[in-house]
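Spelled out from the first residue to the last, the chains are:
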Amino acid sequence: PRRAGPEGVLIVTGSEQPFWGRTQVVFDVMDTVVRDPFLDVVPRVFNMPAAEFWEAKNSSAWFAFERGDIDEAQLQATYFKDGRACDLDALKAALIEGYEMVDGMPEILQDLAAVGHKLHGFTNYPEWYTLVEEKLGLEARHGLQWTCVSCDTGLRKPEPAAYLNLLRRLGVGRKLGAAPV
């Protein structure tokens, strides 16, 4: 199992308008806080080997869905390059079943919040992030706010505008700096 660690964590300090606490800690969500089951469920849901799936998948449709540019019906119609049927309901159900916290992450979030750190999620994910929240309660039970989700901001990492938007939302000026850990 994947253990919690520093990958996908950005610590932002020096806010001109500080929030409560000393530091804001920003986490990428999938495979940092939550295990992303996508690669495990794809062969089963679509009944094809992973290599065949990646060849057939229309990545630009998924990225548009992550940015909130298209809705679920449009994704379903364009998910595969050849236009074949796509059972998004089965994919969502399998993903929901597979979502779980990365080992050690609940304790890390609790410890950080207990000493006054404000916790933020910064992730490329479609509107389905609400399913993660419903199942795991990252915000409701663990205090990790969904601060910047690509489907809400229209921006995806690694676009520089996504990071600048994050800093703006945190109240941090670019000149003050933020550095990956």
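Below, the structure is looked at part by part. (Residues numbered from 1 in each chain as written. Predicted model: local features only at pLDDT ≥ 70, side-chain atom pairs only at ≥ 80, totals over all residues. Heavy atoms only, no water.)

Quick look at the overall build of the protein chain now. Each helix and strand in the protein chain was counted, giving nine helices and seven strands. Expressed as a percentage of its 181 residues, the buried residues of the protein chain come to 45%. Long-range pairs, those at least 24 residues apart, make up 69% of the contacts in the protein chain between residues at least 6 apart in sequence. (Helix = DSSP H or I, 4+ residues; strand = E, 2+ residues; numbered from the N terminus. Buried < 20%, exposed > 50% of the residue type's maximum accessible area, 1.4 Å probe, protein only. Contact = heavy atoms within 4.5 Å.)

Attention now moves to the pattern of salt bridges. According to the stated counting rule, one finds seven salt bridges in the structure shown. In this structure, R35 and D40 form a salt bridge, with 2.7 Å as the shortest nitrogen-oxygen distance. The class of R35 is partly exposed, set by a relative accessible area of 27%. (Salt bridge = Lys/Arg side-chain N within 4 Å of Asp/Glu carboxyl O.)

Right, let's get into the nonpolar core. Core analysis: the biggest nonpolar cluster contains 43 residues, and Y79 and L138 have the highest contact counts within it. Breaking this core down by element, the ones donating at least two residues are β2 (24-27), α1 (38-46), α2 (50-56), α3 (59-67), α5 (88-98), α6 (105-114), α7 (129-136) and β6 (144-149). Not counting chain neighbours up to four residues away, the residues in contact with L138 comprise V29, V33, V34, M101, V132, E133, G143, L144 and W146. Among the nonpolar cores identified, the runner-up in size contains eight residues, and F122, L167, L170 and V172 belong to it. (Core = buried A, V, L, I, M, F, W, Y, C linked by side-chain atoms within 4.5 Å.)

Moving on: the layout of surface pockets. Over the atoms, a rolled probe matching the size of one water molecule traces out where space is still vacant. When its volume is computed, the largest pocket comes out at roughly 350 Å³. Residue lining of the largest pocket: 17 residues in total, with D36, W62, E66, N124 and Y125 positioned closest to the centre. Elements represented by at least two residues in the lining of the largest pocket include exactly α1 and α3. For the lining of the largest pocket, the element with the highest residue contribution is α3, accounting for three residues. Looking at the lining of the largest pocket, its residues break down into eight nonpolar, two polar and seven charged. (1 Å grid on protein atoms, 1.4 Å probe; cavity = no way out; pocket = protein on both sides within 12 Å on 5 of 7 lines; lining within 4 Å. Points joined across faces, edges and corners; volume = space filled by probe spheres on them. Nonpolar A, V, L, I, M, F, W, Y, C, P; charged D, E, K, R; others polar.)

Let us look at the environment of Y99. Residue position: Y99 is located in the loop between α5 and β4 (100-101). Spatially, the C-alpha atoms of Y99 and P37 are 6.3 Å apart, while their sequence positions differ by 62 residues. Dropping the residues within four chain positions of it, Y99 is found in contact with M30, V34, R35, P37, Y125, L131, V132, K135 and L136.

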